[in-house]
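# Per-entry structural report
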Amino acid sequence: MADNAGLQFVSSYAFEAMQKVDVARLAALSDPELRLLLPCLVRMALCAPADQSQSWAQDKKLILRLLSGVEAVNSIVALLSVDFHALEQDARKEQQLRHKAGGSNGESILVSQLQHGLTLEFEHSDPLRRLRLTLSELLAIMNKVVDTNGEFFLKSSELFESPVYLDEVADVLCILQAELPSLLPIVDVAEALLHVRNGDWFLCLLVANVPDSFNEVCRGLIKNGERQDEDSVGGRRRTEALRQLCQMNPSQALNIRAMVVEECHLPGLGVALTLDHRPDTADEAVSPLVSYVSGLLLGTNSKVRTWFSMFIRNGQQRKRESSSVLWQMRRQLLLELVAILPRSRSTHVPNGGDMEEEVSSGYSGLREEHVVKASALLRLYCALMGIAGLRPTDEEAEQLLQLMTSRPPATPAGVRFVSLSFCKLLAFPTLVSTPEQEQLMVMWLSWMIKEEEYFESAAGVSASFGEMLLLVAMYFHSNQLSSIIELVCSTLGMKIAIKPSSLSKMKTIFTQEIFTEQVVTAHAVRVAVTNNLSATITGFLPIHCIYQLLRSRSFTKHKVSIKDWIYRQLCETTTPIHTQLIPLIDVYINSILTPASKANPEATNQPITEQEILNVFQSSAGGEGSRGGRQRYSITTQLLILYYILSYEENLLASTKQLALMQRKPKSYSAALMEQIPIKYLVTQAQGLQQALGGLHSALLRLLATNYPHLCLVEDWVCEEEVTGTLPLLRRMMLPSNTCRYTQSQLHQAFQKLPSSSPRLMRILEHLTLLSPGDLIPYAEALTASMALLLEPAVPRRILQTLNKLWMGLNTVMPRRLWVMTVNALQPSAKLLRQQQYTQNDLMVDPLIVLRCDQRVYRCPPLMDIVLHMLNGYLLASKAYLHCHLKETADFDRQSQTVSNLGVPGQPDAPEVTREELKNALLSAQDSAAVQILLEVCLPTSEEQQQLGSNTESLLSSIRGPMPGKSKRGSLGPRARGGVEDGEPEGGLLSDLREVQCLICCLLHQMFIADPNIAKLVHFQGYPQALLPLTVAGIPSIHICLDFIPELLAQPQLEKQIFAIQLLSYLCTQYALPKSLSVARLAISVMGTLLTVLTRAKRFSFFMPILPCLVGFCQAFPPLYDEVAGLLVQVGQVCASDVATKARDVDPLIARLHYLKEKPQGAAAPGGFSKLSLPQRTAEEHGGADPDVQLCYCVEATFMDIISSTLHGL
């Protein structure tokens, strides 16, 4: 707005005085300044105030005194004497008239016919007519603003343009707005004033006389403003008006700028206010302009970023104008850039020899206080060029290159500046356009390589620009341009669209002049490892470079050993774990096992040696898990080495086929090494550090579940919760620090003096339960070595239970070594004389060694619990061991056979299939043997049978009441139950045998769930019938036997058929399911079929043991009564027909059977019961006489048992 030249605006001093009503300041104003504020001051003096205080009365007197000497006050007083109510009514009538006329300038109510021009009329008019003239003109402009819908226009108004009457018009305008606020809202008036000449001057006067409206007016002007203010005349006028308002009230300039950003309107105004802003305290680091523009372009609000980027792009399309806000901003930024350049570099780059002379003269580069500002400027120019599309001028490009290639001091900020400069060169290679500039850049890059080590040591930072330089060189060599772009964007902290083709010049410089691939590889190995590497160290580190070189196989290609560097870096780690460590280990393992090319199969890296691995675990190798985290190497290092070993072994197994084809067999780590690594202890430690270890803990669990399933038992995790839970922690917290400490020798002596030392041993063991599993490790040998002494008769049960608890605690930190010690300690005394000591490998090859322990263990439940736990673990370990062994050897054996079997179709695959089948057969035999041994343990010994007396099976039968198979001895329902109750006091439900049976049944239940084929195999093999009540009632998963009982019934051996029917009888009683009913029907049908085909001798041996099972069928499924009765009658008839050939009269017996089938209720009568009991006794008298006779009487007894069980159920 150049049309207001020469006009005096309200000063910031005067506005502040008006805002605070500071009369003293107002009195100090000059007459011209005071003249601008008269409308408000006169109204203040004449209107009745709301403030009736004495101080305001004094201030009012001062104002009146101030106004008394000003002549213009009289005309303002005359303006205030008008009837404003009538004026407002006329104005509203005129508005209505204009709306009806469609906005055309027709007859006016406010102003009658004008005789002369508007200016002359205004001069010759009285105050009322002056008000009417101005109001009419103002309303006309306001209506036109509404009608144009935001399209800008400039209204030529004689009244607002005449320099002679500007003061009087301003007075009238201020009085009108103050007296008619509802008719003339100040925001609408402000909007209208933008459309007349001198509008910004009128606007400032209006706001100065109503200072409280400042924010309201500014917000309204910004809301109604254009999104891009410099693209239109209206936008520039609005920006200039708001800029004048902010110069009048500079304290609100930053708030107005915030409104601009919030509304995303008038970007030029935001920049202009920043250029105008003069902070009270100068910030030497970063200027307000750099901060503001960087915040817009690098902030998180994408809407603001797009809006401001459009401002930059649109501004570049217009010709360069000094009045343009964009060019003012660029000029200011360039001045700031030049101001911080070193003196020798603030001019254009000299040519050739001059440059060498300057460099050799040792120019100092950037001053330390300018480094942060230089970094901020670099990022800003990157954002302007990369995000907003700024095209730098030659001057800007020249000065930017001078700044980027300057040499900062060796401080952390200097390292950051060099990294930013380097990335800016990669992002905008067009900045280097001449050979001189290219030579300057090459010299600067050479300086970076030379000074990198000094910068890292002097600045005290781990992430220096040397790693970034190396990483970029590697990316260029492997043509990973997208990775370079990602690296640049990450370092600069902004997403920039960089074309890969633009990097071709930089690629040539890097790969041919500065960093050849061999130089990169050789330099990378010499780079020092990062001390105490963790996730807290940000930036680009040596580990990033090594990782990329390993991926591109540069080390193997140039025969450079990287093993020592990786080992040193793994040893220099701490928590929280750096995210690049696990990928580094993975790619290193791949480079060990997989050659870089098929042409050169030996081109691989060397694995870490066993001795180096042992050095990491040497402090914890003496006992599995002896506080490894507090020794020379950190827990992070030990966990990473453990991950390396497990992952290496897994990848080695997975790659055996490919390695066999290449005739390569990398060395596997020995079992002796694995035994010395405290795997379980380390994983337990990792569980408490999951947050700090990132994904390492889950990766270790995956590897353990695959290669060491015996260390991932579910019951172990549950036990760990009991050992490491809240309650044990509280108990340890209550343990006094000065409590008595027991040594291993004291514990050993207490064991040796049993049973006399039982109280002392109990005290020691109770104290040990308060220790953490890690603290128990020194006592492990003393606890396990003396286990055999606890098998003596007089040892208290509490000692055994406490020992079991301590063993389970130790099992959470050192399971493998603990198991070996325990197995060796529990050997029978005869073996101990031979001093045979089993190893871990022995137990994995043959897990049944665990059960070759002292026989007394089988009747010691706490120790039996330990033995079963170890057995379960070693069975799983044996599976993993055989799988690995097969995988290690099969592919190489197969490869060697392929050569000899060429031309024979299918021959090479035959050994593979056979080996897999043999392995599965061996595992099945192993599992079934373990189950059979455990089932045998459940049988009572001869001594236990003598203790139990006549009811030798009470321990087995008491689980589920009367058994269907015992009716042949005359044990009818009520009497059988009485026998069990009488037997309980002697054997009892709380006997050691019963507890051992429960423990074994729990383990068998787990085994059957894990592999149902084991259950099938065991039941096809069979086991003593006396165990059926125990297995059916004690193993919940045994119901799966219903699936294969039909197959078992189809076997040709009578023994298996008998076992199947006996098992089915118990299953039907325990699980009365529809499936059981269908299988029972099948069994009855099979029995009927066999009756017709079996010989006399086989019939007796088949039906005698299975007829009592029919009682269980009927008891579980009453609908089977008819089928069972028919089968029994049929059996009786067949036997009777054979007896009839021997001249025996058995017809009465057959008659009774038919009677029982048709009228079972009659047989149940008291008389009938007594009549039928006599032949039973006769059968006992003739028990050895004739098998058919015995079978007939067995049929009758079965009938009676079915009837009795039915009545008992009622």
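Residues numbered from 1 in each chain as written. Predicted model: local features only at pLDDT ≥ 70, side-chain atom pairs only at ≥ 80, totals over all residues. Heavy atoms only, no water.

## Quick word on the overall build of the protein chain
Regarding its fold elements, the protein chain presents 68 helices and zero strands. By residue count, 54% of the 1210 residues in the protein chain fall in the buried class. By sequence separation, contacts in the protein chain at least 24 residues apart represent 75% of the contacts at least 6 residues apart. If you sum the accessible surface of the protein chain, you get close to 53600 Å²; carbon and sulfur atoms cover 53% of it. (Helix = DSSP H or I, 4+ residues; strand = E, 2+ residues; numbered from the N terminus. Buried < 20%, exposed > 50% of the residue type's maximum accessible area, 1.4 Å probe, protein only. Contact = heavy atoms within 4.5 Å. Areas by Shrake-Rupley, 256 points an atom, 1.4 Å probe, with all protein chains shown as cover.)

## A look at the environment of Ala383
With respect to the secondary-structure elements, Ala383 resides in helix H22 (residues 371-386). On the basis of relative accessible area, Ala383 is assigned to the buried category, the value being 0%. Separated by 109 residues in sequence, Ala383 and Leu492 place their C-alpha atoms 9.0 Å apart. In contact with Ala383, not counting residues within four places along its chain, are Leu297, Leu298, Ala388 and Met494.

## So, helix H7 (residues 84-100)
The first and last C-alpha atoms of H7 sit 24 Å apart over 17 residues, in line with the 24 Å expected at 1.5 Å per residue. Three or more residues of H7 are buried, namely Phe84, Leu87, Glu88, Asp90, Ala91, Glu94, Gln95 and Arg98. Summarising the axial view, the buried residues of H7 lie within an arc of 165°, below the 170-degree limit, and thus occupy one face. More than 90 degrees from the buried face of H7, the exposed residues found are His85, Gln96 and Lys100. Of the surrounding secondary structure, the elements contacted by the buried residues of H7 are helix H6 (72-80), helix H9 (127-147) and helix H11 (166-179). Regarding H7, its N-cap is Asp83, as a side-chain oxygen of that residue lies 3.2 Å from the backbone nitrogen of His85 further along. (Expected span 1.5 Å × (residues − 1). Arc of directions from axis to C-beta. Polar contact = N/O pair within 3.5 Å; in protein donor to acceptor, adjacent residues only side chain to side chain.)

## Some remarks on the side chain of Arg859
Of note, Arg859 is situated in the loop between helix H50 (840-845) and helix H51 (861-900). Discounting chain neighbours no more than four positions away, the residues touching Arg859 are Val937, Leu939, Pro940, Thr941, Glu944, Asp992, Leu993 and Val996.

## As for the nonpolar core
Core analysis: the largest hydrophobic core is formed by 380 residues, its most contacted members being Leu245 and Tyr644. Setting aside anything within four residues of it in sequence, one finds Tyr644 in contact with Ile585, Tyr588, Ile589, Ile592, Pro607, Ile608, Ile613 and Tyr669. (Core = buried A, V, L, I, M, F, W, Y, C linked by side-chain atoms within 4.5 Å.)

## Brief notes about the pattern of salt bridges
Where side chains of opposite charge bring their charged atoms close, a pairing between them can arise. Under the criterion given, the structure shown has 27 salt bridges. The salt bridge involving Arg238 is made with Glu191; its shortest N-O contact spans 2.6 Å. Pair noted here: Arg238 is in helix H15 (residues 233-248) and Glu191 is in helix H12 (residues 186-193), with a separation of 47 residues, a long-range link. Classification of Glu191 as buried rests on a relative accessible area of 10%. Across the pair Lys563 and Asp564 runs a salt bridge, and its minimum N-O distance is 3.2 Å. Judged by its relative accessible area of 12%, Lys563 falls in the buried class. Assessed through its relative accessible area of 38%, Asp564 is described here as partly exposed. Beyond isolated ion pairs, a larger network of salt bridges with shared partners links Glu16, Lys20, Asp22 and Arg25. (Salt bridge = Lys/Arg side-chain N within 4 Å of Asp/Glu carboxyl O.)

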